[in-house]
Amino acid sequence: MAERRLLVLFGSQTGTAQDTAERIGREAKRRHLWCRVEALDSCDLANLIHEPLVVFVCATTGQGDPPDNMKMFWRFLFRKNLPAGSLCQLDYAVLGLGDSSYPKFNFVAKKLHKRLLQLGGNPLLPVALGDDQHDLGPDAVVDPWLVALWDKILALYPLPPGLEIISPNVCLPPKYTLHYLPEDSPHPDSDLPQPAAPQAAPCELHPFAARVVSNQRVTAQSHFQDVRLIEFDIAGSGITFSAGDVVMIQPQNRPEDVQQFCQLLCLEPHRRFVLEPTEPGTSLPPLLPQPCTIQYLVTRYLDISCVPRRSFFELLAYFSTNELEREKLQEFSSAQGQEELYSYCNRPRRTTLEALWDFPHTTCAIPADYLLDLIPRIRPRAFSIASSMLAHPERMQILVAVVQYKTRLSKPRRGLCSTWLASLNPEQGDVRVPLWVKKGGMKFPADPATPVIMIGPGTGVAPFRAAIQERVAQGRRGNFLFFGCRYKSKDFYCQMEWEELVTKGLLTLFTAFSRDQEEKVYVQHRIQENRRLVWELLSSGNAHVYLAG
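Keep in mind it's a predicted model, so treat the numbers as computed, not measured. As a convention, each chain's residues are numbered from 1 in the sequence order in which they are written. Selection of residues for local features in this predicted model requires a pLDDT of at least 70, selection of side-chain atom pairs for listing and counting requires 80 or more, and totals for whole chains, interfaces and linings are taken over all residues. No hydrogens and no water enter the side-chain calculation; it runs on all heavy atoms of the structure.

Caption draft 1: Geometry of the overall build of the chain. Here a strand is any run of E in DSSP of at least two residues, a helix any run of H or I of at least four, and the numbering for each starts at the N terminus. Broken down by element type, the chain carries 17 helices and 21 strands. For the C-alpha atoms alone, the extent of the chain along its principal axes is close to 85 × 60 × 50 Å. When accessible area is computed with a 1.4 Å probe and restricted to protein chains, residues below 20% of their type maximum are described as buried, those above 50% as exposed, and intermediate ones as partly exposed. The buried share of the chain, taken over its 549 residues, is 49%. Between two residues, a contact is recorded if the distance between any of their heavy atoms is within 4.5 Å. Long-range contacts, defined here as pairs at least 24 residues apart, represent 77% of the contacts in the chain between residues at least 6 apart. Entry remark: accessible area of the chain is about 26700 Å², with carbon and sulfur atoms responsible for 53%. Residues scored as charged are limited to Lys and Arg (positive) and Asp and Glu (negative), so that His and the chain ends carry no count. Note on charges: their place is set at NZ of Lys, CZ of Arg, CG of Asp or CD of Glu. Each charge class in the chain was averaged separately, 59 positive and 59 negative side chains, and the resulting centres sit 6 Å apart. Surface accessibility in these figures is a Shrake-Rupley result with a 1.4 Å probe; residues are shielded only by whichever protein chains are displayed.

Caption draft 2: Geometry of the nonpolar core. To form a nonpolar core, buried Ala, Val, Leu, Ile, Met, Phe, Trp, Tyr and Cys residues must be joined to one another through side-chain atoms within 4.5 Å. Within the largest apolar cluster, 42 residues are counted, with the highest numbers of intra-cluster contacts made by Phe261, Leu297, Leu302 and Phe313. The element best represented in this core is helix 7 (residues 310-319), accounting for six residues. Excluding residues that lie within four positions of it along the chain, Leu297 makes contacts with Phe273, Leu288, Cys292, Leu302, Leu371 and Leu372.

Caption draft 3: A look at the environment of Pro451. In this structure, Pro451 sits in the loop between strand 17 (432-438) and strand 18 (452-455). We classify Pro451 as buried; its relative accessible area is 9%. Sequence separation of Pro451 and Asp233 is 218 residues, and the distance between their C-alpha atoms is 32 Å. For Pro451, the residues in contact, after removing those within four places along its chain, are Gly478, Phe480, Leu537, Gly541, Ala543 and His544.

Caption draft 4: Fine view of the sheet that holds strand 11 (residues 272-277). Think of it this way: DSSP has to see at least two bridges between two strands before they count as a pair. One open sheet holds the three strands; their spatial order is 7-11-12, and the pairing between them is antiparallel. Sheet topology places strand 7 (176-180) and strand 12 (292-293) at the edges, where each strand pairs with a single neighbour. Bridging between strand 11 and strand 12 involves two bridges; their strand directions are antiparallel. Directly across from Phe273, in strand 12, lies its bridge partner Cys292.

Caption draft 5: Structural context of the sheet that holds strand 18. Reading across the sheet, the four strands line up as 20-19-18-21 and stay open at both edges, with parallel pairing between neighbours. Of all strands in the sheet, those with a lone pairing partner are strand 20 (508-513) and strand 21 (544-547), marking the two edges. Averaged over all pairs of adjacent strands, the angle between their axes in this sheet comes to 10°, without regard to strand direction. The pairing of strand 18 with strand 19 (residues 479-485) spans four bridges and is parallel. Directly across from Met454, in strand 19, lies its bridge partner Leu481. Between the N-to-C directions of two axes lies an angle of 0 to 180 degrees, each axis being a line fitted to C-alpha atoms and, for a helix, fitted only over the stretch in contact.

Caption draft 6: Examining a nonpolar patch on the surface more closely. Patch criteria: residues need more than 30% relative accessible area and no salt bridge. Like-charged residues are merged within 9 Å; nonpolar side chains of Val, Leu, Ile, Met, Phe, Trp and Tyr are merged within 5 Å. For this document, the term salt bridge refers to a Lys or Arg side-chain nitrogen within 4 Å of an Asp or Glu carboxyl oxygen. Side chains of Trp535, Leu538 and Val545 sit close together on the surface and give an oily, nonpolar patch of about 310 Å² of accessible area. Tracing the backbone through its elements, the reader meets Leu538 in helix 17 (residues 531-539).

Caption draft 7: Looking closely at helix 7. With eight of its 10 residues buried, helix 7 lies for the most part within the structure. By the burial criterion, the buried members of helix 7 are Arg310, Ser311, Phe312, Phe313, Leu315, Leu316, Ala317 and Phe319.

Caption draft 8: Representation of helix 1 (residues 16-30) within the structure. To estimate how far a helix should reach, multiply one less than its number of residues by 1.5 Å. Here helix 1 is 15 residues long and its end C-alpha atoms lie 21 Å apart, about the 21 Å a rise of 1.5 Å per residue gives. Listed in full, the buried residues belonging to helix 1 are Ala17, Asp19, Thr20, Ala21, Arg23, Ile24, Gly25, Glu27, Ala28 and Arg30. Tucked into the core, helix 1 has its buried residues touching strand 1 (5-11), strand 2 (34-39), strand 3 (53-59), strand 4 (91-98), helix 4 (139-156) and helix 7. Count one or two residues on from helix 1 and you reach His32, which has phi positive near 60°.

Caption draft 9: Seen up close, the domain arrangement of the chain. When its domains are assigned, the chain resolves into domain 1 (5-156), domain 2 (208-250 + 380-438), domain 3 (255-374) and domain 4 (452-547). Reported domain spans reflect what an automatic or database domain assignment gives. For domain 1 and domain 2, the distance between their C-alpha centroids amounts to 35 Å.

Caption draft 10: Up close: the side chain of Arg31. Its place among the elements puts Arg31 in the loop between helix 1 and strand 2. Among buried Asp, Glu, Lys and Arg side chains, Arg31 stands out as unpaired, with Glu27 the closest opposite charge at 4.4 Å. Ignoring any residue separated from it by four or fewer positions in sequence, one finds Arg31 in contact with Arg4, Trp150, Leu154, Leu159 and Ile165.

Caption draft 11: Local environment of the pattern of salt bridges. Enumeration over the complete set of coordinates arrives at 30 salt bridges. Measuring nitrogen to oxygen at the nearest pair gives 2.7 Å for the salt bridge that ties Glu354 to Arg413. With Glu354 in helix 10 (residues 352-358) and Arg413 in strand 16 (residues 413-414), this residue pair connects regions lying 59 residues apart in the sequence. Glu354 gets classed as buried once you look at its relative accessible area, which sits at 17%. In this structure Arg413 comes out as buried when scored by relative accessible area, which is 5%. What you see here is one network of salt bridges that share partners, running through Glu3, Arg5, Arg36, Glu38 and Glu51.

Caption draft 12: Quick peek at the packing of helix 14 (residues 462-473) against helix 15 (residues 495-503). Where helix 14 contacts helix 15, the two axes come as close as 12 Å, and the packing angle between them is 35°. Of the two possible hands of crossing, helix 14 and helix 15 adopt the one that is left-handed. Residues Arg465, Ile468, Gln469 and Val472 of helix 14 lie in contact with helix 15, whose contacting residues are Glu497, Trp498 and Leu501. In terms of residue class, the contact of helix 14 with helix 15 is made up of four nonpolar, one polar and two charged. With the far helix as reference, a near helix turned anticlockwise by less than a right angle produces a left-handed crossing, and one turned clockwise produces a right-handed crossing. Note on residue classes: Ala, Val, Leu, Ile, Met, Phe, Trp, Tyr, Cys and Pro are nonpolar, Asp, Glu, Lys and Arg are charged, and everything else, Gly too, is polar.

Caption draft 13: Local environment of the environment of Arg31. A residue is classified by how much of its surface remains accessible, and Arg31, at 15% relative accessible area, is buried. Taking the C-alpha atoms as reference points, Arg31 and Pro158, 127 residues apart in sequence, are found 9.2 Å from one another.

Caption draft 14: Examining the UniProt feature "domain: Flavodoxin-like" (unreviewed entry) in the chain more closely. UniProt positions are given in the numbering used here, feature names are shortened, and annotations may be inferred rather than shown by experiment. Taking the numbering used here, the UniProt-annotated feature "domain: Flavodoxin-like" (unreviewed entry) corresponds to residues 6-150. End-to-end, the C-alpha atoms of residues 6-150 are 12 Å apart, and along that stretch the chain is 32% helix and 23% strand.

Caption draft 15: Structural view of unusual backbone geometry. Of note, the bond from Gln290 into Pro291 is cis; its omega dihedral lies within 30 degrees of zero at -10°. Here the phi dihedral of Arg349 falls at roughly 55°; this positive angle occurs in a residue that is not glycine. Of note, Arg349 is situated in the loop between helix 9 (338-346) and helix 10. By relative accessible area, Arg349 is classed as partly exposed at 36%. Although it is not a glycine, Asn542 sits at a positive phi angle of roughly 55°. As for its position among the elements, Asn542 is in the loop between helix 17 and strand 21. Classification of Asn542 by relative accessible area gives exposed; the value is 53%.

Written as structure tokens, this is what we have:
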């Protein structure tokens, strides 16, 4: 009988595609299939020709781009020299996750499906196009498509004699078991990632622990929005960047949230543990040290402030000893309960920690082994770099608006990363932030004579500050900046710097302060007022135009 094995590969930017891929993995286990779930870029592509059965789950980002963790796969798959029949052994299915309010809706899934066909693959089903805009979200497409997929797969790979599909009422084993170490076992000095001598440029698996040099509020105290200019020391990191590049920052949970979480789940923060995979061949989470403390796991790894997904409630229901709580959890994880779940979770932006508060009987019964199945890892956040190495060697600056807003919940919602960054005080000792750099989407012109028109309202000005510093250091003129904010006196970021460059004739600046007069004035009004200049720069100067929000 044919080997019953399935490979599920995902390309995920925000975690939705990964969550869906892991759901397919769980459903495969219920059908006794041997299943691996991996990011597309972690999979050995040369072995794809030997895989009998693969399900691809991929999101589309930006303007029809593949997610970061499938970019290498994408380049490999579209190589001209791949033979036409190279995937003729492969049965496959493609599930796309997208948003129909974007012009290139599910572009990656459609293009992938087409390319696999070209290479000789055999599609089990038409490509599925999940849509965020649907009332029930992507699940409106995903749920029925998965039913059809399992019908196809079980027709090709029937259940071995004597085996039944494992009932949905049975909880599957956890991905890892958590073994506590004896209290008196020897300790390594610290859990913190040490600033190591880098072998290569820092990356997600090996970030650089950069020291915070300064953390300065650049809006007036009376202004509603707290915006910070934060400077990092990157000496000895091997990091290089140019204007338009992006820094990725790995944030941490707030100490008070970590404490609450540990109390709710009766966890001892100082306890140390090692993880062991339940199944052979499962790799350990690369970003967790072994051994590790509960404190480190909850502070730096588990995303207890994210809005929980349907899969969270589905797993939680298995641990519930309280009938009322269990019924509610089962409703939230059912197809019919998705609207209810949306108004409980997504609309008010309720966090995982707050959801756990609402199910106290269930929460105190969660086995520690299941923590990594239940709660996703904290994702890194991207910020435009707001300085140039030519102006500030061995330093890097970012402009951060601290995210805080109200929903119907009594506590204001706070952005995890921006709130954490704003709380760091370099005057209280050696404060470090794990970071690495990614190439940005903005490329500034190579020809020094090409003028540059930059439109950057609010913190959108960050990449243009880097570009202007870089261009001024290279002796390039032709720098035109349209900047907008609310009040000249409250949120005119880097005012002194711009005015000094204007005085020296190195920058032409147009400002729009929307609330400083009766009628609101925005950058588009300033562009229209200066349309002759803008047109002249475009038509005879061959100017490049950049816009950042």
